[in-house]
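Fold and geometry: a report
What follows is the residue order along each chain.
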Amino acid sequence: MGHRWDTLTFLHWRYEPAVVQALLPPGLRVEVRDGSAWVGLVPFVLEVTRPDRPPLPWLSRFAETNVRTYVTADDGSTGVWFLSLDAARLAAVLAAHATYCLPYFWSKMAVARVGDVMTYRARRRWPAPAGVSSEIAVRVGNAFAANDLTDLDHWLTARFRLYSVHACRARFALASHAPWPLHRAEVLHLDDQLVAATGLPPPDGPPLVHWSPGVKVRVGALRPVARS
């Protein structure tokens with residue numbers, strides 16, 4: 001499946017590893033960096049593409065926000081575990097549940113840009129808990145030069161594998177894309193309930209922020225994680 005992930009903001013917070021581990025399924029272990037687990041709140045615009053047909057503007061392009069953390073599987077591979085994903089198209093939510101076994105929610109969402117300010121809004125519709133919401137505004141700054149990016153910047157954003165669990169077994173899919181073109185950004189407004197709705201404590205302190213205009217992505221099929 002082809003995707004394009006546009007106008008994307010990464011907001012990341014540190015968490016105690018044991019707190020995050022308690023939300024992970026068997027076969028996955030929280031990946032620790034600088035002594036912490038990291039949880040990301042990532043709003044963006046998703047466009048789904050198929051090589052055999054043109055995109056349908058309303059159905060194929062919509063807002064999405066995910067809450068994610070970073071994990072190691074039993075085979076030693078590393079990648080993303082989604083604690084929740086909210087999307088503005090019910091058809092996409094149902095399809096993702098059926099094909100990738102991902103914890104999607106249907107939400108009323110909006111993404112807008114005025115000058116250098118990006119705003120993202122979401123309010124959950126289905127399934128429960130309905131009414132969970134998120135409002136984010138960030139000011140986009142200058143692009144990072146390659147030598148300005150730290151190892152942590154790459155570790156949080158350069159992820160090419162996602163995990164899910166189907167029939168009590170961990171599975172993975174590869175996500176291939178070019179390196180993220182990252183910009184500096186600052187939070188102007190943040191009123192989020194999506195992170196806490198996963199079962200995590202509310203984030204403590206300001207997030208580490210990155211913004212990107214987007215990349216094209218190729219997402220592969222789910223495959224079983226090899227047992228160790």
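You'll find the structure just up there.
So, here's what we can say about the structure.

Here the focus is the packing of aromatic side chains. Counted under the stated rule, the structure contains four aromatic pairs. Consider the rings of phenylalanine 10 and tryptophan 180, whose centres lie 5.4 Å apart with planes at 90°: the pair is edge-to-face. Placement of phenylalanine 10 in strand β1 (residues 2-15) and of tryptophan 180 in the loop between β10 (169-177) and β11 (183-192) is noted, with a sequence separation of 170 residues between them. In this structure phenylalanine 10 comes out as buried when scored by relative accessible area, which is 0%. These aromatic residues form a ring-pair network of at least three members: Trp5, Phe10, Phe44 and Trp180. In this structure, arginine 124 packs its charged tip against the face of phenylalanine 105, placed 3.6 Å from the ring centre. The lysine or arginine in question, arginine 159, covers the ring of tryptophan 155, its NZ or CZ lying 4.5 Å from the ring centre.

Here arginine 169 shows up in strand β10. You can call arginine 169 partly exposed: its relative accessible area is 25%. If sequence neighbours within four positions are ignored, arginine 169 has contacts with Ser164, Pro224, Val225, Ala226 and Arg227. In terms of polar contacts, arginine 169 uses its side chain to reach the backbone carbonyl oxygen of valine 225, at 3.2 Å.

Tracing the backbone through its elements, the reader meets threonine 198 in the loop between α5 (194-197) and β12 (208-219). Reaching out from threonine 198, the side chain makes a polar contact with the backbone nitrogen of leucine 200 at a distance of 3.5 Å.

Let us look at the nonpolar core. One broad rule of soluble globular proteins: the nonpolar side chains tend to lie buried together. Ranked by internal contacts, the top residues of the largest apolar core, which has 35 residues, are Trp5, Leu8, Leu102, Tyr104 and Trp180. Setting aside chain neighbours within four positions, we find tyrosine 104 in contact with Glu64, Leu85, Ala87, Val93, Ala96, His97 and Pro127. Of all hydrophobic cores here, the second largest spans 31 residues; its members include Trp13, Leu28, Leu83 and Val225.

Attention now goes to the environment of aspartate 86. Among the secondary structure elements, aspartate 86 is positioned in strand β5 (residues 78-87). For the pair formed by aspartate 86 and arginine 124, sequence separation is 38 residues and the distance between their alpha carbons is 7.4 Å. Residues in contact with aspartate 86, not counting those within four places in the same chain, are Ala63, Glu64, Thr65, Phe105, Ser107, Met109, Arg124 and Leu194. Here the side chain of aspartate 86 touches serine 107 through a polar contact of 2.5 Å, side chain to side chain.

Parameters at a glance
Residues numbered from 1 in each chain as written. Predicted model: local features only at pLDDT ≥ 70, side-chain atom pairs only at ≥ 80, totals over all residues. Heavy atoms only, no water. Phe/Tyr/Trp six-rings, centres within 6.5 Å; stacked < 30°, edge-to-face > 60°. Helix = DSSP H or I, 4+ residues; strand = E, 2+ residues; numbered from the N terminus. Buried < 20%, exposed > 50% of the residue type's maximum accessible area, 1.4 Å probe, protein only. Lys NZ or Arg CZ within 6 Å of the ring centre and 35° of its normal. Contact = heavy atoms within 4.5 Å. Polar contact = N/O pair within 3.5 Å; in protein donor to acceptor, adjacent residues only side chain to side chain. Core = buried A, V, L, I, M, F, W, Y, C linked by side-chain atoms within 4.5 Å.

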